[in-house]
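Read off the chains here:
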Amino acid sequence: MSTGNAGVIKENIEKIKMRVAHAAQKSGRKPEDVKIIAVTKTVDTARITEAIEAGITDVGENRVQELCNKYDIIGARCNWHLIGSLQTNKVKYIIDKVALIHSLDRIELAEEIQKRAERISRIVDVLVQVNVAREETKSGIYLEQAYDFVKEISKYGNIRVRGLMTIAPFAENPEEVRFVFKELHKLYIDIGKENADNINMDYLSMGMSNDFEVAIEEGSNMVRIGTAIFGRRY
Ligand SMILES: *Cc1c(COP(=O)(O)O)cnc(C)c1O
């Protein structure tokens, strides 16, 4: 059973898809080149199911416990993304559930992912989180450390680096954070050019409800959208 106003989630998704398509076209790409991750933290499974029925294929959670609880109910009806910071001792709970971990930001975490992935004979896809704006309150490595870090991670046989992720600082006007997206895109292109083994720059995960259009214009191909789909979180 759905809560709230029936059809609102579906309508929101349709609006987001149009805005994504427009921004993609503005940057010379096709609408389907940009993947929408519906961010479902604090959203109940009935509303997540509504989103899936409206065409959402990928869902992002920032907490391990919450992801696991919802996974028990929804299971493989969508792809699960871990988008929040990940504690090393919780890797074991999500390793067999997630399609992509967006928040790899330290070697110690890579070691644990490697160990757990090896145990279940899986290759786990990850993005390296970059703190472009060097905000003290945010995780992620700094831009200038990123290439060496990615190269280091590529040595782990059960981890595949698929791209980069960032969270821009909050800005009333998203134009103020355009430079963040521009810089990460530049790095993404540069790393991609190296053609290193086990590093594939396939995904550039950047853009949230208030800044996703600017992020797409600057090259994002994966946006993480919560509020604009499900409404304000309480
Ligand atoms: C909550 C969250 C989002 C979505 O934020 P909205 O502003 O609600 O779209 C995206 N990415 C991460 C890492 C988040 O924690």
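Model, not experiment: these values are computed from the prediction. Position numbers for residues start from 1 in each chain and track the written sequence from start to end. A pLDDT threshold of at least 70 governs which residues receive local features in this predicted model, and a stricter bar of 80 or more applies before side-chain atom pairs are shown or counted, although totals over entire chains, interfaces and linings include all residues. Side-chain metrics in this entry use all non-hydrogen atoms of the structure; hydrogen atoms and water are not considered.

## Details of the packing of helix α2 (residues 45-53) against helix α3 (residues 64-74)
When two helices pack together, their arrangement is given by the angle between their axes and by how far apart the axes lie. Between N-to-C directions, angles cover 0 to 180 degrees, with each direction set by a line fitted to C-alpha atoms, over the stretch in contact for helices. Strands are runs of DSSP state E lasting at least two residues, helices are runs of H or I lasting at least four, and both sets are numbered from the N terminus onward. Look at α2 against α3: their axes get within 11 Å of each other, and the N-to-C directions meet at 60 degrees. When the axis of α2 is compared with that of α3, the two are oblique. The handedness of the crossing between α2 and α3 is right-handed. For the pair α2 and α3, the contacting residues are Thr-45, Ile-48, Thr-49 and Ile-52 in the first and Lys-70, Ile-73 and Ile-74 in the second. Partitioned by chemical class, the residues of the contact of α2 with α3 number four nonpolar, two polar and one charged. With respect to orientation, any angle under 35 degrees is reported as roughly parallel, any angle over 145 as roughly antiparallel, any angle of 65 to 115 as roughly perpendicular, and every other angle as oblique. The sense of a crossing depends on the near helix, which, turned anticlockwise from the far helix by less than a right angle, makes the crossing left-handed and, turned clockwise, makes it right-handed. Should any heavy atoms of two residues lie within 4.5 Å, those residues are counted as being in contact. Residue polarity follows a fixed list, in which Ala, Val, Leu, Ile, Met, Phe, Trp, Tyr, Cys and Pro are nonpolar, Asp, Glu, Lys and Arg are charged, and the others, Gly among them, are polar.

## A few points about the site of the ligand
Near, as used in this document, describes a residue that has one of its heavy atoms within 4 Å of the molecule or strand being considered. Around the ligand lies a shell formed by Val-39, Lys-41, Asn-62, Ile-83, Ile-167, Met-208, Ser-209, Arg-224, Ile-225, Gly-226, Thr-227 and Arg-233. In this structure, Arg-224 approaches the ligand through a side-chain N or O atom, which is 2.9 Å from a nitrogen atom. Under the convention used here, a 1.4 Å probe and the Shrake-Rupley method define accessible areas, while residue burial counts only the protein chains that appear. Burial of the ligand by the protein amounts to 91% of the accessible area it has alone, namely 390 Å². Of all the cavities here, the one that holds the ligand is the largest pocket. Its residues assigned to classes, the shell around the ligand comprises five nonpolar, four polar and three charged. Under this definition, polar contacts are N or O atom pairs within 3.5 Å; protein pairs additionally need one hydrogen-donor-capable and one acceptor-capable atom, and for neighbouring residues in sequence, both atoms have to be side-chain atoms. Using protein atoms alone on a 1 Å grid, points that fit a 1.4 Å probe yet trap it form a cavity, whereas open point sets bounded by protein on both sides within 12 Å along at least five of seven lines form a pocket; residues with an atom within 4 Å of a point count as lining. The way we define it, a molecule is inside a pocket or cavity when more than half of its atoms are within 2 Å of that pocket's grid points.

## Digging into the layout of surface pockets
Size it by volume and the largest pocket reaches roughly 540 Å³. If you trace the largest pocket, you find 24 residues lining it, with Lys-41, Lys-138, Ile-167, Met-208 and Arg-224 closest to the centre. For the lining of the largest pocket, the residue count by class is nine nonpolar, ten polar and five charged. Lining the second largest pocket, in full, are Lys-17, Val-20, Ala-21, Pro-31, Glu-32, Val-34, Lys-35, Ile-36, Gly-55, Ile-56 and Thr-57. Residue assignment for the lining of the second largest pocket shows that the elements contributing at least two residues are α1 (8-26) and β1 (35-39). The dominant element in the lining of the second largest pocket, judged by the number of residues it contributes, is α1, at three residues. Classifying every residue of the lining of the second largest pocket by side-chain character gives six nonpolar, two polar and three charged. Grid points are joined across faces, edges and corners, and a volume is the space filled by probe spheres set on the points.

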